Amino acid sequence: NSVPDKSKLTNKSFQIMNDVKESPDLDQIISKIVSERSSKRNFLPDAVDIDVVKDIISDASRAPSGTNTQPWKVTCVTGETKEKLTTAVLDAAERGHAKLEYEYMPAQLKEPYISRKRAVGYALYELYGIKRDDYPARKAAGLRNFQFFGAPVGLFFRMDRELLYGSWLDVGMFMQNIMILARAKGLETCPQQAWCEFGPIVHKVLNIPDDEIIISGMSMGYAAEAPENTLVSERVTLDDFTTFLD
């Protein structure tokens, strides 16, 4: 496998790679990579070796899937194609031409979900230095999704539209594998369902047929040292979401 240039890695990413290579405590390393994963929203422009990306995607395909259907499909964008997509979606956003690929959440989100959503949003705005009532700045921050937060690699996850809920689970596990494997390579990611707000444009620019549904995008690259990348969203305790029955 290709090894990324050490000069492009943040200290934390480099430490993760060293831990993976040198520590005999594999269970602790895996736990660390999983538990310290977070969505990064500021990336260095440094190119990522495409062979490293291929290795990650290939290894991630060991994710489980019902009856081994392997429903996931991936479009990887870099360079001119990535810039073309960014330009097209930002132009549509400016003109208010959003069209959802699918409904991600209920229109009326109940507790405790609405409070969790607000809390992470406010925490992120604070790190950006944006006041809660500064709606133009909040909109501008949101539009950075469509610039891949500066990342050099964008991934789009698709599957046949006729497939049902089980296949959505399968693709989710595949995506999680990619995010974890990327960290072991010194890379970071940000899953971005926001691209699905402009589904028809993504379909058109990336030549994705209408009989496939776009589930999510994802940014991938070397994380920059930036305030927004220090965000660690809160998690409820084990007892809040787990029931143990003897």
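Residues numbered from 1 in each chain as written. Predicted model: local features only at pLDDT ≥ 70, side-chain atom pairs only at ≥ 80, totals over all residues. Heavy atoms only, no water.

**Student:** Is there a simple way to think about the side chain of Glu-228 in this case?
**Tutor:** For Glu-228, the location among the structural elements is in the loop between β4 (212–221) and α9 (238–241). Arg-144 provides the closest opposite charge to the buried, unpaired Glu-228, separated from it by 4.0 Å. Residues contacting Glu-228, with those up to four places away along its chain left out, are Arg-41, Asn-42, Leu-124, Leu-127, Tyr-128 and Arg-144. (Helix = DSSP H or I, 4+ residues; strand = E, 2+ residues; numbered from the N terminus. Buried < 20%, exposed > 50% of the residue type's maximum accessible area, 1.4 Å probe, protein only. Lys, Arg positive; Asp, Glu negative; His and termini not counted. Salt bridge = Lys/Arg side-chain N within 4 Å of Asp/Glu carboxyl O. Contact = heavy atoms within 4.5 Å.)

**Student:** Just to check I follow, could you spell out a nonpolar patch on the surface for this structure?
**Tutor:** Together, Val-236, Leu-238, Phe-241 and Phe-244 make up an exposed nonpolar region whose accessible area comes to about 440 Å². Counting through the fold element by element, Phe-244 comes out in the segment after α9. (Patch = residues over 30% accessible without salt bridge, like charges linked within 9 Å, V, L, I, M, F, W, Y side chains within 5 Å. Areas by Shrake-Rupley, 256 points an atom, 1.4 Å probe, with all protein chains shown as cover.)

**Student:** Please explain the nonpolar core as it appears in this structure.
**Tutor:** Side chains of nonpolar character tend, in soluble globular proteins, to be buried together. Grouped together as the largest cluster of nonpolar side chains are 47 residues, with contacts concentrated most on Leu-85, Leu-155, Phe-156, Ile-178 and Met-220. If you list the elements that add at least two residues to this core, you get α3 (50–60), α4 (79–94), β2 (153–160), α7 (165–184), α8 (199–205) and β4. Of all the elements, α7 adds the most residues to this core, at six residues. In this structure Met-220 touches Phe-43, Val-53, Ile-56, Ala-151, Pro-152, Val-153, Leu-155, Ile-178, Ala-182, Leu-187, Glu-188 and Thr-189, once residues within four positions along its chain are discounted. (Core = buried A, V, L, I, M, F, W, Y, C linked by side-chain atoms within 4.5 Å.)

**Student:** What am I meant to see in α7 here?
**Tutor:** For an α-helix, 3.6 residues make a turn, and residues three or four places apart therefore share a direction. The end-to-end C-alpha distance of α7, which contains 20 residues, comes to 30 Å, matching closely the 28 Å that a straight helix rising 1.5 Å per residue would cover. Where α7 is concerned, the buried positions are Ser-167, Asp-170, Val-171, Phe-174, Met-175, Ile-178, Met-179, Ile-180, Ala-182 and Arg-183. Residue Gly-186 follows α7 closely and has a positive phi angle near 85 degrees. (Expected span 1.5 Å × (residues − 1).)

**Student:** Explanation requested: the packing of α3 against α7 in the structure shown.
**Tutor:** Packed helices, taken two at a time, are described by the angle between their axes plus the distance between the axes. Their axes nearest at 8 Å, the elements α3 and α7 cross at an angle of 135 degrees. Considering the angle they form, α3 stands oblique to α7. Along this stretch, α3 crosses α7, giving a crossing that reads as right-handed. Residue-level contacts link Ile-56, Ile-57, Asp-59 and Ala-60 of α3 to Phe-174, Asn-177, Ile-178, Leu-181 and Ala-182 of α7. In terms of residue class, the contact of α3 with α7 is built from seven nonpolar, one polar and one charged. (Axes fitted to C-alpha atoms, helices over the stretch in contact; angles between N-to-C directions. Parallel < 35°, antiparallel > 145°, perpendicular 65-115°, else oblique. Left-handed = near helix turned anticlockwise from the far one by under 90°. Nonpolar A, V, L, I, M, F, W, Y, C, P; charged D, E, K, R; others polar.)

**Student:** Please clarify how the sheet that holds β2 should be interpreted in this entry.
**Tutor:** In space, the four strands of this open sheet follow the order β1-β2-β4-β3, with antiparallel pairing throughout. The sheet terminates laterally at β1 (73–77) and β3 (188–192), the two strands that pair on one side only. Within the sheet, the average angular offset between the axes of one strand and its neighbour, ignoring direction, is 25 degrees. Where β3 meets β4, five bridges bridge the pair, whose relative direction is antiparallel. Along β4, the bridge assignment pairs Pro-191 with Met-218. Across the sheet, α7 touches β1, β2, β3 and β4, and the angle it forms with β4 is around 10 degrees. (Pairing = 2+ DSSP bridges.)

**Student:** I tried to follow the layout of surface pockets on my own but got confused; where do I start?
**Tutor:** Reported here for the second largest pocket is a volume of approximately 200 Å³. Looking at the second largest pocket, it is lined by 10 residues, and the ones nearest its centre are Ile-30, Ile-33, Ile-180, Leu-181 and Ala-184. Residue assignment for the lining of the second largest pocket shows that the elements contributing at least two residues are α2 (26–35) and α7. (1 Å grid on protein atoms, 1.4 Å probe; cavity = no way out; pocket = protein on both sides within 12 Å on 5 of 7 lines; lining within 4 Å. Points joined across faces, edges and corners; volume = space filled by probe spheres on them.)

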